Amino acid sequence: SRDIMEDHPPSFFLCPISGELMRDPVTLRTGHTYDRDYIEKWLESRPTCPNSGQILEEKYKKLLIPCRVLKDMISNWEVNRITIVEEGQNASRTNIERKKKRRSSSAAAWTEHLGDSHTASSHRSCVASGN
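### Regarding a nonpolar patch on the surface
Item 1. A cluster of nonpolar side chains, namely F12, V69 and M73, defines an oily patch on the protein surface of about 300 Å² accessible area.
Item 2. As for its placement among the helices and strands, F12 is situated in the loop between α1 (2-7) and β1 (25-27).

Dropping the structure here:
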């Protein structure tokens, strides 16, 4: 699974024209997203959307809407992918250790709570019985 994270980005991060990771994703009026450089070159010679085949009017050929959310997702994927690859299996071990610590601290808090409750109820019983 580490290799999958390292080598294969989600398919929607890839430009449908080039098959490469998008650096500057833009969306056409058709709703399809491409890397800016590739769609600009495409539209120089063809008036159609590569995915849908829809003919684009001249005024829409230049209307490329930046897709900042996708660009941020790709950047985050690249950063996290590098972190995962560098940490390797240590990341999994760290997460397991964190979960164990949370469970043991939760268990300790519960035990302490039960101990306090038990002590308080024992104290009430002793007071009621006159001991």
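### A closer look at the packing of aromatic side chains
Two measures describe an aromatic ring pair: the distance that separates the ring centres and the angle between the ring planes.
Item 1. As enumerated under the stated definition, the model contains two aromatic pairs in all.
Item 2. Seen in terms of ring centroids, F12 and F13 are 4.9 Å apart; in terms of plane orientation they differ by 80°. Their pairing is edge-to-face.
Item 3. With a relative accessible area of 3%, F13 lands in the buried category.
Item 4. Among the aromatic residues, those joined into a cluster by ring pairs are F12, F13 and W77.
Item 5. If you follow K41 out to its NZ or CZ, it ends over the ring of Y38, 5.9 Å from the centre.

### Some words on the sheet that holds strand β3 (residues 65-66)
Item 1. Strand order in the open sheet formed by three strands is β2-β1-β3, with antiparallel pairing between adjacent strands. The open sheet has two free edges, formed respectively by β2 (33-35) and β3, since each of these has just one partner strand.
Item 2. As paired elements, β1 and β3 share two bridges and run antiparallel to each other. Bridge assignment links V26 to a residue of β3, and that residue is P66.

### Side note on the pattern of salt bridges
Item 1. If you walk through the whole model with that rule in mind, you get three salt bridges.
Item 2. Between D24 and R36 there is a salt bridge, with the nearest N and O atoms lying 2.7 Å from each other. You can see D24 sitting in the loop between α1 and β1 and its partner R36 sitting in helix α2 (residues 36-45), a full 12 residues away along the chain.
Item 3. By relative accessible area, D24 is classed as partly exposed at 25%.
Item 4. Assessed through its relative accessible area of 22%, R36 is described here as partly exposed.
Item 5. A salt bridge links R36 to E40; its shortest N-O distance comes to 3.8 Å.

### Side note on the nonpolar core
Across soluble globular proteins, you tend to see nonpolar side chains buried next to one another.
Item 1. Within the largest apolar cluster, 15 residues are counted, with the highest numbers of intra-cluster contacts made by F13, L28, Y34, I39, L43, L64 and I74.
Item 2. Mapped by element, the contributors of at least two residues to this core are α2 and α4 (68-87).
Item 3. Of the residues forming this core, the biggest block, three residues, is contributed by α4.

Rules and cut-offs
Residues numbered from 1 in each chain as written. Predicted model: local features only at pLDDT ≥ 70, side-chain atom pairs only at ≥ 80, totals over all residues. Heavy atoms only, no water. Patch = residues over 30% accessible without salt bridge, like charges linked within 9 Å, V, L, I, M, F, W, Y side chains within 5 Å. Areas by Shrake-Rupley, 256 points an atom, 1.4 Å probe, with all protein chains shown as cover. Salt bridge = Lys/Arg side-chain N within 4 Å of Asp/Glu carboxyl O. Helix = DSSP H or I, 4+ residues; strand = E, 2+ residues; numbered from the N terminus. Phe/Tyr/Trp six-rings, centres within 6.5 Å; stacked < 30°, edge-to-face > 60°. Buried < 20%, exposed > 50% of the residue type's maximum accessible area, 1.4 Å probe, protein only. Lys NZ or Arg CZ within 6 Å of the ring centre and 35° of its normal. Pairing = 2+ DSSP bridges. Core = buried A, V, L, I, M, F, W, Y, C linked by side-chain atoms within 4.5 Å.

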